[in-house]
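Remarks on the overall topology
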Amino acid sequence: MSRTSGAHTPDTHLCVLLQSEVVLSAFQQHKEVKLKSSPADLVTETDQRVEKILISAIRNRYPQHRFIGEESVAAGEHLELTDSPTWIIDPIDGTVNFVHRFPFVAISIAFTVNRQTQFGIVYSCVEDKLFYAQRGGGAFLNGEPLHASGQQDISRCVVVTEIGAERDDVALSTMTSNIRRLLQLPVHGVRALGTAAVDMCQVATGGADAYYHIGMHCWDIAASAIIVQEAGGVVMDTDGSEFDMMSRRVIAASSAAVADRIAQVIQAFPCCRDDEDNCGCGATGVN
Ligand SMILES: O=P(O)(O)OC(CO)CO
Ligand SMILES: [Mg+2]
Ligand SMILES: [Mg+2]
């Protein structure tokens, strides 16, 4: 990468580790909680603060770069992924966990050029686990190489998913029936940690064999998607097509066989793309 469009993971690691101190020091404290799109979509002052500090630190160093940040978008900023160098930031992935002190919360940062992710960093703050991957350079956890399990047989898989923040009937019945369909295959188990970024990183470690979800946003999944790919896993859309971080649909798996099988089994529900304001499907674009 060139000096002007490029950015380097060590700089960003440092930035993320510094901000994790902010997250950890607030973790045990009482938090003022506000609702966003649903009673289960929460934001705290720490989410907003961490995002502001990260963007200002990165902008200082790379003034030409663009940003897509969860809390900036929630505050009304237009969400658009262009060919320009862009940082996609989730300041706290797992805000519900953070509010309840359930110990899985992460800072997630992806960097894209020409809409292609160049590197991704997920720092699981309480666990003190730094996951990262650079395109073509492999995936690592605290400096040690990561490898997906390579499992090919869906009936021997641990599958991770999330309940999500949607509470409408169609989303809830589709989500629960998808879990039921997988359990009936059967799979070995279905898990949910409350943070999509850390869920997907479990696939990169081989601790889980697959993750799927409909309704996450680009900031939840962009960094962990490249971490899964660089660990030898497969990332695709839930309809079996190529992964598109704006589609809000993702399967991350240990192998193409497992990803394909999950795509065959699960059903989708209407969900506006991240980069489409009014798609007309009746579901909200930002939640
Ligand atoms: O806590 P956040 O950033 O809203 O993300 C959630 C999405 O439901 C977990 O991945
Ligand atoms: Mg998130
Ligand atoms: Mg968040």
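The rules behind these values
- Residues numbered from 1 in each chain as written.
- Chains lettered and ligands numbered in written order.
- Predicted model: local features only at pLDDT ≥ 70, side-chain atom pairs only at ≥ 80, totals over all residues.
- Heavy atoms only, no water.
- Donors = N, O, S within 2.8 Å, 3.2 Å for Na, K, Ca; no water.
- Buried < 20%, exposed > 50% of the residue type's maximum accessible area, 1.4 Å probe, protein only.
- Domains from an automatic or database assignment.
- Contact = heavy atoms within 4.5 Å.
- Buried area = accessible area lost by both parts, 1.4 Å probe.
- Pairing = 2+ DSSP bridges.
- Helix = DSSP H or I, 4+ residues; strand = E, 2+ residues; numbered from the N terminus.
- Axes fitted to C-alpha atoms, helices over the stretch in contact; angles between N-to-C directions.
- Parallel < 35°, antiparallel > 145°, perpendicular 65-115°, else oblique.
- Nonpolar A, V, L, I, M, F, W, Y, C, P; charged D, E, K, R; others polar.
- Near = heavy atom within 4 Å.
- Polar contact = N/O pair within 3.5 Å; in protein donor to acceptor, adjacent residues only side chain to side chain.
- Areas by Shrake-Rupley, 256 points an atom, 1.4 Å probe, with all protein chains shown as cover.
- UniProt positions renumbered as here; feature names shortened; annotations may be inferred.

1. Focus on the coordination of the magnesium ion (ligand 3)
Distances from the magnesium ion (ligand 3) to its protein donors, Glu70 (OE), Asp90 (OD) and Ile92 (O), fall at 2.0 to 2.2 Å. Ordering the donors of the magnesium ion (ligand 3) by residue number gives the pattern E-x19-D-x1-I. Separating the magnesium ion (ligand 3) from the magnesium ion (ligand 2) is a gap of 3.5 Å, which Asp90 spans by donating to each of them. Asp90 gets classed as buried once you look at its relative accessible area, which sits at 0%.

2. Focus: the domain arrangement of the protein chain
Assigned domains of the protein chain: these are domain 1 (9–145) and domain 2 (154–265). In this structure, domain 1 and domain 2 have C-alpha centres spaced 20 Å apart. Counting residues at the interface gives 41 residues for domain 1 and 24 residues for domain 2. Taken together, both faces of the contact between domain 1 and domain 2 bury some 2,200 Å²; the carbon and sulfur share is 73%.

3. As for the sheet that holds strand E9 (residues 144–145)
Pairing is mixed in the open sheet, where seven strands are placed in the order E3-E4-E5-E6-E7-E8-E9. Each edge of the open sheet is held by one strand with a lone partner, namely strand E3 (66–69) and E9. Note that strand E6 (residues 116–124) and strand E7 (residues 129–134) share six bridges and pair antiparallel. Across the sheet, Ile121 pairs through a bridge with Tyr132, a residue of E7. Those strands touched by helix H2 (residues 45–61) are E3, strand E4 (86–93) and strand E5 (106–113), and its axis lies near 155 degrees from that of E4. With respect to the sheet, helix H6 (residues 196–205) is in contact with E4, E5, E6, E7 and strand E8 (139–141), its orientation differing from that of E6 by roughly 100 degrees.

4. Description of the coordination of the magnesium ion (ligand 2)
Expected angles at a metal are 109.5 degrees for tetrahedral coordination by four donors and either 90 or 180 degrees for octahedral coordination by six donors. Taken together, Asp90 (OD), Asp93 (OD) and Asp220 (OD) make up the protein donors of the magnesium ion (ligand 2), found 1.9 to 2.0 Å from the metal. Linear spacing of the donor residues for the magnesium ion (ligand 2) on their chain is D-x2-D-x126-D. Here Asp93 falls in the buried class, since its relative accessible area comes to 5%.

5. Brief notes about the packing of H6 against helix H7 (residues 218–230)
As a packed pair, H6 and H7 sit with axes 8 Å apart at the nearest point and diverge in direction by 5 degrees. When the axes of H6 and H7 are compared, the pair comes out roughly parallel. Counted together, Ala196, Ala197, Met200, Cys201, Val203 and Ala204 of H6 and Asp220, Ile221, Ser224, Ala225, Ile227 and Val228 of H7 form the full contact between these two elements. Residue classes in the contact of H6 with H7 are distributed as ten nonpolar, one polar and one charged.

6. Details of the site of ligand 1
As a matter of local geometry, ligand 1 sits amid Glu70, Asp90, Ile92, Asp93, Gly94, Thr95, Gly194, Thr195, Ala196, Met216 and Asp220. Contact between ligand 1 and Ile92: an oxygen atom at 3.1 Å from a main-chain N or O atom of the residue. One nitrogen or oxygen atom from the main chain of Gly94 is found 2.7 Å from an oxygen atom belonging to ligand 1. Computed on the free molecule, ligand 1 has an accessible area of 310 Å², of which 84% lies beneath the protein chains in the complex. The dominant element in the shell around ligand 1, judged by the number of residues it contributes, is E4, at three residues.

7. Let's talk about the UniProt feature "binding site: Mg(2+) 1" (unreviewed entry) in the protein chain
In this numbering, the UniProt entry assigns the feature "binding site: Mg(2+) 1" (unreviewed entry) to Glu70 and Ile92. Over a stretch of 23 residues, the named residues converge on one spot in the fold, their C-alpha atoms separated by at most 9.1 Å. With respect to the helices and strands, the residue Glu70 is situated in helix H3 (residues 70–74). With a relative accessible area of 11%, Glu70 lands in the buried category. The residues touching Glu70, leaving out its near neighbours within four places in the chain, are Lys36, Glu51, Ile89, Asp90, Pro91, Ile92 and Trp219. Looking at Glu70, its side chain comes within polar contact range of the side chain of Lys36, at 3.1 Å. With respect to the helices, strands and loops of the structure, Ile92 is situated in strand E4.

8. Brief notes about the environment of Val43
Structurally, Val43 can be placed in strand E2 (residues 42–44). Judged by relative accessible area, which is 6%, Val43 ranks as buried. Sequence spacing of Val43 and Phe98 is 55 residues, and the spatial spacing of their C-alpha atoms is 9.8 Å. Setting aside its immediate chain neighbours within four residues, Val43 contacts Glu32, Val33, Lys34, Lys36, Gln48, Glu71 and Thr95.

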